[in-house]
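Summary of structural features
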Amino acid sequence: MENLDVLVLRRLLEWRMSGHRAVLATVARTWGSSPRPEGSIMAVREDGAVVGSVSGGCIEDDIVHRYCREKEEATTLRHGCSPRLLKYGIGADEAHRFGLPCGGTLEVLLEFDPDASGLGELLAMLERGHLVSRSVRLRDGHVALASATSTDQLEVDEYTLKNIFGPGYRMLLIGAGQLAEYVATMAIFSGFDVTVCDPREEYRGSWSVAAAKLTSEMPDEVVAKMKPDRRTCIIAPTHDPKLDDLALLEALDSDAFYVGSIGSRRNNMARRERLIEHFNHSEESLKRLRGPIGIFIGSKVPAEIAISVMAEVIAAKNGVIVPDQFMVGPAKERRTGIASLDTLAGGAEPTKADILLPALSPAFDISNDD
């Protein structure tokens, strides 16, 4: 599945190239709670076709109604007028009408009949892996494109709206086993571009996720060629040091936002010891290496493990700090400790409440996610 912004822009370009009139809507500002973040986009064709989203649905309906069904206003909107800002959710009644959360307000910029050549240039830059700033001059709709940095954010004032577009998120999976198939499937429908590398012919031969790119190159070589950036995650869902170790080392020297490996606490401890002993690493230099990966949900089968892993990946992608107590390793250690105490006391197997409730204590430090 394509990155949602790219999907919207590509569909909008197709409409404009085919001679259709259309409007591009961008969430310009939000106050309080909002269904979609600033910078979210959608496009509406003159006949009511919609791609993308700026809310939970009601605001989309209102924009379609304004653009396609109110004949007098639609005529004005369709003939090259300047961009227009609409504000939703100012009062409680309107917030309720548009399905906004309590206290939520958002402002949406509408651009009418965006220029096809500009859309094509933007998509070409994104396809080359560039991070792009798209600035819209509010008085006349003039658009300027420029390179952006990872620290740039959406900006809007009385003159200009600048939105940041980036290439899709990428995932590299080291090893083509069954768990990798589940992770790849979930990553693809979450919008990641997935590459799987495995030099072992017997594993590649049974690979079944057609939407993921499959390569037989050595994993460390693939990592080097990918040049991982802050939209890249690298996961080793195998237990083969010949495949994992060098690739993970290469990944740790990159800007990848997530680097992790599957396996038991014992296997991950052994990996860290190998990297420290043979590759001159330290506990500090391995701090970014996650493992055992995943959020603890009691998963046992590959599909559930993949859900656990993807939950952690998406949290990292979105900048959410998951308390240490909810991660697989610490949760299993706590479970083992509780089980040992219960065994000494002649007690029963610990319940989920025994495992999770200690993590809800106000005494724990939510800033510690290492």
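Residues numbered from 1 in each chain as written. Predicted model: local features only at pLDDT ≥ 70, side-chain atom pairs only at ≥ 80, totals over all residues. Heavy atoms only, no water.

1. A closer look at the sheet that holds strand β15 (residues 289-290)
Taken in spatial order, the 6 strands make up an open sheet running β12-β11-β10-β13-β14-β15, and their pairing is parallel. Two strands close off the open sheet at either side, each with one partner strand: β12 (213-215) and β15. Packing against the sheet, helix α6 (residues 178-189) makes contact with β10 (170-174) and β11 (193-197), and its axis sits at approximately 175° to β10. Against the sheet, helix α8 (residues 219-226) engages β10, β11, β12 and β13 (232-236), with an angle of about 170° to β10. (Pairing = 2+ DSSP bridges. Helix = DSSP H or I, 4+ residues; strand = E, 2+ residues; numbered from the N terminus. Contact = heavy atoms within 4.5 Å. Axes fitted to C-alpha atoms, helices over the stretch in contact; angles between N-to-C directions.)

2. A look at α8
Taken together, the buried positions of α8 are occupied by P219, V222, V223 and M226. The buried residues of α8 occupy an angular sector of 100° when the element is viewed end-on, so they sit on one face. For α8, the elements touching its buried residues are β10, β11, β12, β13 and α9 (241-252). Of the residues flanking the end of α8, it is K227, one or two places downstream, whose phi is positive at about 50°. (Buried < 20%, exposed > 50% of the residue type's maximum accessible area, 1.4 Å probe, protein only. Arc of directions from axis to C-beta.)

3. Quick look at the confidence of the model for the protein
On average, residues of the protein carry a pLDDT of 83, and 81% of them reach 70 or more. Segment residues 339-370: pLDDT under 50, and 31 contacts once partners within four positions in sequence are set aside and those in other chains are kept. (pLDDT = per-residue confidence, 0-100.)

4. As for the pairing of strand β5 (residues 105-112)
Summarising burial for β5: 8 of the 8 residues are buried, a large majority. Residues of β5 alternate between two faces, with T105, E107, L109 and E111 on one and L106, V108, L110 and F112 on the opposite face, all of them buried. When strand β1 (residues 22-31) meets β5, the two strands line up antiparallel, connected through 8 bridges. Its bridge partner being in β5, T30 is matched across the sheet by L106. When strand β4 (residues 84-88) meets β5, the two strands line up antiparallel, connected through 5 bridges. Bridge pairing in β5 places K87 opposite E107.

5. Some remarks on the nonpolar core
A general trend in soluble globular proteins is that nonpolar side chains are found buried together. In terms of nonpolar packing, the biggest core is built from 28 residues, with M171, L173, F192, V194 and V313 touching the most fellow members. Elements with a minimum of two residues in this core: β10, α6, β11, β13 and α11 (302-317). When sequence neighbours within four positions are dropped, the list of residues in contact with V194 reads M171, L173, A184, A187, I188, A212 and K213. (Core = buried A, V, L, I, M, F, W, Y, C linked by side-chain atoms within 4.5 Å.)

6. Looking at the packing of aromatic side chains
On inspection of all chains with the given rule, the structure shows 2 aromatic pairs. Geometrically, the ring pair formed by Y169 and F257 is edge-to-face, given 5.8 Å between the ring centres and 90° between the ring planes. In this pair, Y169 sits in the loop between β9 (160-165) and β10 while F257 sits in the loop between α9 and β14 (258-261), placing the two residues 88 residues apart along the sequence. Of the two residues examined, Y169 and F257, each falls in the buried class. Every member of this aromatic cluster is reached through a ring pair, and the members are Y169, F192 and F257. Over the ring of Y203 we find R200; its NZ or CZ atom is 3.8 Å from the centre of that ring. (Phe/Tyr/Trp six-rings, centres within 6.5 Å; stacked < 30°, edge-to-face > 60°. Lys NZ or Arg CZ within 6 Å of the ring centre and 35° of its normal.)

7. Some remarks on the environment of Y169
Here Y169 falls in the buried class, since its relative accessible area comes to 17%. With 148 residues separating them along the chain, Y169 and K317 place their C-alpha atoms 8.9 Å apart.

8. A word on the pattern of salt bridges
All chains considered together, the criterion is met by 19 salt bridges. Note that K162 is salt-bridged to E155, the shortest N-O span being 3.6 Å. For K225, the salt bridge is made with E217, and the minimal N-O distance between the two is 2.4 Å. Overall, K225 belongs to the exposed group, its relative accessible area being 59%. A network of salt bridges, in which partner residues are shared, links D244, D245, R271 and R274. (Salt bridge = Lys/Arg side-chain N within 4 Å of Asp/Glu carboxyl O.)

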